Amino acid sequence: MTLLAVDGLEMRFGERLIQTGISFTIEKGAIFAIMGGSGCGKSTLLKHLVGLLPPASGSVTYNGVDYWAADDTERNRLRAGFGMLFQSAALWSSMTILENVCLPMEQHMPQLDEAQREARAHEMLEWVGLGKFADFYPADLSGGMKKRAGLARAIAIEPPLLFLDEPSAGLDPISSKRLDDLVLELRHRTGAAVVFVSHELPSLFAIADDGIFLDADSKHPIGHGSPKHLLETTEHPTVRAFLNREEPPADAQTDAQSPPGAAPTAASTDTATPA
Ligand SMILES: Nc1ncnc2c1ncn2[C@@H]1O[C@H](COP(=O)(O)OP(=O)(O)O)[C@@H](O)[C@H]1O
Ligand SMILES: [Mg+2]
């Protein structure tokens, strides 16, 4: 069953073209990776997929409903099915972890009262291993713990579609593996489809079963398929370099200064706030 279909998407900021010619579909239960060097438009694509940015052209369709052709009521209904973990985790710093996890439920699960929301938030925090930290503020958590708190918040509403922007960037290998396991377990438990941006090769190979590779140079996708399939079949030196963690080819003029896996640049740092 196709949950999400992207057809002929072009993304721009004003006159500036970011990517064009993006088409793919995401099936129920898929784990779909958005790959590419820094600054190629991965976070921008994710924002198009969650309805935060309108396409310059093309369409983004959920269960057959074209998001930008729909009316406000329909869009709100669609948005209630998205869970999102932003690149920066984007927790509200003035709220405890528990309050952060409760917030989307207030908006998207009106059938629950406050006590039920809190019970559910505690359950989610247990699940990501933060049961003892419910009353902590984001500033008191490590990077990995913030990401897990962000994941708990994103999944609290049981979204059929979960979007994760560099969930394991900057985490140690054990925290990173733990996050991967949580994503796999979530898919197993709820059948959610997961769309994630990652530079982490172990994560990409371990959990993604489909994906797209964006090129900053040509500004269109240069690979489509699982990381494993791409590595085995690609003829494109940039894709091969990324997946083999080699030096990029000398003629690949991306605006990416940093190699795959490097810390996000200022340009790729996320400033959006949670919905
Ligand atoms: N709000 C914005 N306004 C203008 N340009 C932007 C905005 N957000 C990102 N960009 C630019 O779009 C390009 C793609 O950014 P981004 O999607 O964050 O890249 P990635 O996530 O692949 O590192 C970059 O060159 C970035 O500077
Ligand atoms: Mg990014």
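Peer 1: I'd like to hear about the overall build of the protein, residue by residue, with values.
Peer 2: Looking only at helices and strands, one finds nine helices and 10 strands in the protein. Considering the protein as a whole, with its 275 residues, one finds that 40% of them fall into the buried category. Considering only residue pairs separated by 6 or more positions, the protein has 67% of its internal contacts joining residues 24 or more positions apart.

Peer 1: Can you break down the packing of helix H3 (residues 97-108) against helix H5 (residues 143-155) residue by residue, with the values?
Peer 2: It is at 7 Å that the axes of H3 and H5 come closest, and there the two elements cross at 30 degrees. Comparing the axis directions of H3 and H5 gives the class roughly parallel. Crossing geometry of H3 relative to H5 is assigned as right-handed. In this structure, H3 contributes Ile97, Asn100, Val101 and Pro104 to the contact, and H5 contributes Ala149, Ala152 and Arg153. For the contact of H3 with H5, the per-class residue count stands at five nonpolar, one polar and one charged.

Peer 1: Could you give an account of the nonpolar core, naming the residues involved and the relevant values?
Peer 2: Ala152, Phe163, Val194 and Val195 are the most contacted members of the largest nonpolar core, which has 70 residues in total. It is H5 that contributes the most residues to this core, six residues altogether.

Peer 1: Any details on the packing of H3 against helix H4 (residues 114-127)? Residues and values, ideally.
Peer 2: Where H3 contacts H4, the two axes come as close as 9 Å, and the packing angle between them is 120 degrees. When the interaxial angle is binned, H3 and H4 end up oblique. By crossing handedness, the relation of H3 to H4 is classed as right-handed. Residue-level inspection shows Ile97, Leu98, Val101, Cys102, Met105 and Glu106 of H3 in contact with H4, the latter providing Arg117, Glu118, Arg120, Ala121, Met124 and Leu125. Partitioned by chemical class, the residues of the contact of H3 with H4 number eight nonpolar, no polar and four charged.

Peer 1: Go over the sheet that holds strand S6 (residues 82-85), please, and point to the residues and values.
Peer 2: With mixed pairing, the six strands of this open sheet are ordered in space as S6-S7-S8-S3-S9-S10. Of all strands in the sheet, those bounded by a partner on one side alone are S6 and strand S10 (221-224). The mean inter-strand angle of the sheet, taken between neighbouring strand axes irrespective of direction, is 15 degrees. Inspection of the sheet shows strand S9 (residues 210-214) paired to S10 by three bridges, in the antiparallel sense. The residue bridging phenylalanine 213 from the neighbouring strand is glycine 223, located in S10. Each of strand S3 (31-35), strand S7 (161-165), strand S8 (193-197) and S9 is contacted by helix H1 (residues 42-49), which is oriented at about 150 degrees to S8, the strand it contacts most.

Peer 1: A description of the sheet that holds strand S2 (residues 16-27) should follow, citing residues and the corresponding values.
Peer 2: Pairing is antiparallel across the open sheet formed by four strands, whose spatial order is S2-S1-S4-S5. With one partner strand each, in any of the chains shown, S2 and strand S5 (65-66) form the two edges of the open sheet. Note that strand S4 (residues 57-62) and S5 share two bridges and pair antiparallel. Residue tyrosine 62 lies in a different strand from S5, and its bridge partner there is valine 65. Strands in contact with H1 are strand S1 (2-13), S2 and S4; relative to S1, the strand with the most contacts, it is inclined by about 125 degrees.

Peer 1: Help me get a handle on the environment of threonine 190, residues and values and all.
Peer 2: Among the structural elements, threonine 190 can be located in helix H6 (residues 173-190). Considered as a pair, threonine 190 and glycine 29 are 161 residues apart in the sequence and their alpha carbons are 8.5 Å apart.

Peer 1: Describe H4, listing the residues and the values that go with them.
Peer 2: The end-to-end C-alpha distance of H4, which contains 14 residues, comes to 20 Å, matching closely the 20 Å that a straight helix rising 1.5 Å per residue would cover. When H4 is considered as a whole, its buried residues turn out to be Arg117, Ala121, Met124 and Leu125. Angular distribution of buried residues about the axis of H4 spans 95 degrees; they occupy a single face of the element. Residues of H4 that are exposed and point over 90 degrees away from its buried face: Ala115, Gln116 and Ala119. Downstream of H4 by one or two residues, glycine 129 has phi in the positive range, about 80 degrees.

Peer 1: Run through the confidence of the model for the protein, naming residues and quoting values.
Peer 2: Low pLDDT marks regions whose predicted coordinates should not be analysed in detail. Looking at the protein as a whole, its pLDDT mean stands at 86, while 89% of the residues score no less than 70. Residue range residues 253-275 is modelled with pLDDT below 50. Its contacts to residues more than four positions away, or to other chains, number 49 contacts.

Peer 1: Go over the pairing of S3, please, and point to the residues and values.
Peer 2: Among the five residues in S3, five count as buried, and that is most of the element. Neither face of S3 is left uncovered, since the one carrying Ile31, Ala33 and Met35 and the one carrying Phe32 and Ile34 both have all their residues buried. Pairing of S3 with S8 involves four bridges; the strand directions are parallel. Pairing of isoleucine 31 across the sheet is with valine 194, part of S8. Examined bridge by bridge, S3 and S9 share four bridges and lie parallel to one another. The partner of methionine 35 across the bridge, within S9, is phenylalanine 213.

Reading guide: rules and limits
- Residues numbered from 1 in each chain as written.
- Chains lettered and ligands numbered in written order.
- Predicted model: local features only at pLDDT ≥ 70, side-chain atom pairs only at ≥ 80, totals over all residues.
- Helix = DSSP H or I, 4+ residues; strand = E, 2+ residues; numbered from the N terminus.
- Buried ≥ 20, exposed ≤ 12 C-beta atoms within 10 Å, placed from the backbone.
- Contact = placed C-beta atoms within 7 Å.
- Axes fitted to C-alpha atoms, helices over the stretch in contact; angles between N-to-C directions.
- Parallel < 35°, antiparallel > 145°, perpendicular 65-115°, else oblique.
- Left-handed = near helix turned anticlockwise from the far one by under 90°.
- Nonpolar A, V, L, I, M, F, W, Y, C, P; charged D, E, K, R; others polar.
- Core = buried A, V, L, I, M, F, W, Y, C linked by C-beta atoms within 7 Å.
- Pairing = 2+ DSSP bridges.
- Expected span 1.5 Å × (residues − 1).
- Arc of directions from axis to C-beta.
- pLDDT = per-residue confidence, 0-100.

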